[in-house]
Amino acid sequence: MYKEKSLNLNNIFSFWNDFQDEEKFLFYNPNEKEIIMGAKRLKTFKHNESFDGYKYIFSTKTFFDNVKDSIWNDFKSENIAFSYYLKIKDNKQTLYYQGIDRKFCDNTMDEEYYNYTLTNTDYDDWKELFNISYDKILTKKINKVVLSREVIVDLSKRPREECIIKRLIDNNSGNFIFAYSKGNKCFLGATPEILLEKKKNKIISHAVAGTLLKDKKNDSKNREEFLKDEKNSHEHDLVVSTIKKTLEKYGNNTYVSKRKLLEAKNLYHLHTELLTDSTDDIITWRDRLHPTPALGGTPRDIALEIIRKHETHERGMYASPIGLIDESGNGVFVVGIRSGMIEDDKLYGYAGCGIVKNSDCEKEYIETEGKLKTILECL
Ligand SMILES: C=C(O[C@H]1C=CC=C(C(=O)O)[C@@H]1O)C(=O)O
């Protein structure tokens, strides 16, 4: 259905810029060393409709089903096929297109940087949110809840999306980079966390939770201690056991790897890989797993109620599954953390962290500052 041809752009973002006012996405998979961009919506799939014949499906979801805040207008839970895709892999560029062939104006990219100011101070709100949640932990209503912050960043002019995307890719090797541009908004970020992958009949999920901020001076000692640290282990194990239960319930031959360290630019995380055999489709699996206690909490319903009721901002697509699915139904969903929404000359930045017994309000806030750097350092 799609025609294909090789391209030789000096600036791969010429594709992005050429679709000025069109809906488009970018998805960089560091494991495959592959960038896929798509532009111009071709088809929106109905529930359970087959994806056959479409090169890639870009799949979006909001954290909660209902979205009220105008920041998230038009950002929905959808499966979308695009008219144009550019795949960049092994130094080769392939354009897939439906309908009219397209010539791209291949201008070199001048990088533009943005001075910014944070316009909200939210420590008091954080403290209140933390105290409400911590009380639920002390009274044993919940074991864990993942709380998040929204920072509002004034950029004084609308940034060029491709400049920020390029820096997200350059700064965060090993992370998945995503960008979804629609109207005057663009949601983008660099995430270390895969919710799930489907490779033929294997489902692979990843528990990523527990955080150490990097400190160059004591790096190796800190890392060793972090791997054994009780608070972080507890926070991590709650994610592993919830994912494991879901894989065991719906799959066969579930396997849990040994815990490892996952490195991001400014942080380390605890990381466990979980695998199971299943022929069920990737969207069904996404809906079984989202949100894991790395983004929601446990017990899930009570933790989600706390988030819904007490976080003062709306999560929208923050912490939600963002996926790319290929023609054969294989693909990957990552979670939209370390992210921000550009709206005109503002950026709404998001970061969160897991709260468990032994969490400290100020330390957790500092942890979110470290996570926010991912996006702020790319402005
Ligand atoms: C919720 C976020 O991080 C999650 C992923 C890894 C580690 C986390 C933690 O240690 O709290 C969080 O569960 C975020 O970055 O916004």
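Residues numbered from 1 in each chain as written. Predicted model: local features only at pLDDT ≥ 70, side-chain atom pairs only at ≥ 80, totals over all residues. Heavy atoms only, no water.

> How should empty space enclosed by the protein be read in this particular structure?
Gaps left between atoms are located by rolling a probe of water-molecule size over the structure's atoms. According to the stated counting rule, one finds 2 cavities of 30 Å³ or more in the structure shown. If you go around the largest cavity, you meet 21 residues; those closest to its centre are Ala 294, Arg 338, Gly 352, Cys 353 and Lys 371. Elements with a minimum of two residues in the lining of the largest cavity: β8 (144-154), β12 (202-213) and β20 (346-355). Residue contributions to the lining of the largest cavity peak at 5 residues, all from β20. Residue composition of the lining of the largest cavity, grouped by class: 11 nonpolar, 5 polar and 5 charged. Reported here for the second largest cavity is a volume of approximately 40 Å³. (1 Å grid on protein atoms, 1.4 Å probe; cavity = no way out; pocket = protein on both sides within 12 Å on 5 of 7 lines; lining within 4 Å. Points joined across faces, edges and corners; volume = space filled by probe spheres on them. Helix = DSSP H or I, 4+ residues; strand = E, 2+ residues; numbered from the N terminus. Nonpolar A, V, L, I, M, F, W, Y, C, P; charged D, E, K, R; others polar.)

> Just to check I follow, could you spell out the pattern of salt bridges for this structure?
A pair can form between side chains of opposite charge whenever their charged atoms are brought close. Tallying each qualifying case throughout the model produces 33 salt bridges. In this structure, Lys 157 and Glu 112 form a salt bridge, with 3.4 Å as the shortest nitrogen-oxygen distance. Placement of the pair is Lys 157 in the loop between β8 and α3 (161-171) and Glu 112 in the loop between β6 (92-97) and β7 (117-118), with a sequence separation of 45 residues. Exposure remark for Glu 112: the relative accessible area of 21% places this residue in the partly exposed category. The partner of Arg 259 in a salt bridge is Asp 237, with the nearest N and O atoms 3.0 Å apart. (Salt bridge = Lys/Arg side-chain N within 4 Å of Asp/Glu carboxyl O. Buried < 20%, exposed > 50% of the residue type's maximum accessible area, 1.4 Å probe, protein only.)

> How should the packing of aromatic side chains be read in this particular structure?
The description of an aromatic ring pair rests on the distance of the ring centres and on the angle between the ring planes. Applying the stated criterion across every chain yields a total of 26 aromatic pairs. Residues Trp 72 and Phe 75 carry aromatic rings whose centres are separated by 6.3 Å and whose planes lie at 85 degrees to one another, so their mutual orientation is edge-to-face. With respect to burial, Trp 72 and Phe 75 carry one shared label: buried. Here the aromatic rings of Trp 72 and Tyr 350 are separated by 5.9 Å at their centres, their planes lie at 45 degrees, and the arrangement is tilted. Of this pair, Trp 72 sits in the loop between β4 (56-60) and β5 (78-89) while Tyr 350 is found in strand β20, placing the two residues 278 residues apart along the sequence. Each of the two residues, Trp 72 as well as Tyr 350, counts as buried. The ring of Phe 45 carries Lys 43 above its face, with NZ or CZ at 5.2 Å from the centroid. Sitting over the face of the ring of Phe 63, Arg 315 holds its NZ or CZ atom 4.6 Å from the ring centroid. (Phe/Tyr/Trp six-rings, centres within 6.5 Å; stacked < 30°, edge-to-face > 60°. Lys NZ or Arg CZ within 6 Å of the ring centre and 35° of its normal.)

> Just to check I follow, could you spell out the environment of Val 145 for this structure?
Counting through the fold element by element, Val 145 comes out in strand β8. Overall, Val 145 belongs to the buried group, its relative accessible area being 0%. Sequence separation of Val 145 and Thr 108 is 37 residues, and the distance between their C-alpha atoms is 46 Å. In this view, Val 145 contacts Ser 133, Gly 296, Gly 297, Ala 303, Ile 307, Cys 353, Gly 354 and Ile 355; residues no more than four positions away in its chain are not counted. (Contact = heavy atoms within 4.5 Å.)

> Would you take a moment to explain the UniProt feature "domain: Chorismate-utilising enzyme C-terminal" (unreviewed entry) in the protein for this structure?
UniProt marks residues 124-371 with the feature "domain: Chorismate-utilising enzyme C-terminal" (unreviewed entry), using the numbering shown here. Secondary structure across residues 124-371 comprises 35% helix and 37% strand; the distance between its end C-alpha atoms is 19 Å. (UniProt positions renumbered as here; feature names shortened; annotations may be inferred.)

> Just to check I follow, could you spell out unusual backbone geometry for this structure?
Note on backbone geometry: most residues besides glycine have negative phi, and most peptide bonds are trans. Going from His 290 to Pro 291, the amide bond is cis rather than trans, its omega being -10 degrees. Relative to the helices and strands, Pro 291 is located in the loop between α6 (282-289) and β16 (297-298). Across the junction of Thr 298 and Pro 299, the peptide omega takes the value -5 degrees, indicating a cis bond. With respect to the secondary-structure elements, Pro 299 resides in the loop between β16 and α7 (300-310). In this structure, Ser 156 is a non-glycine residue whose phi angle is positive, near 65 degrees. With respect to the secondary-structure elements, Ser 156 resides in the loop between β8 and α3. Judged by relative accessible area, which is 62%, Ser 156 ranks as exposed. Phi at Asn 358 takes a positive value of approximately 75 degrees, unusual for a residue other than glycine. Locating Asn 358 in the fold gives a position in the loop between β20 and α8 (361-376).

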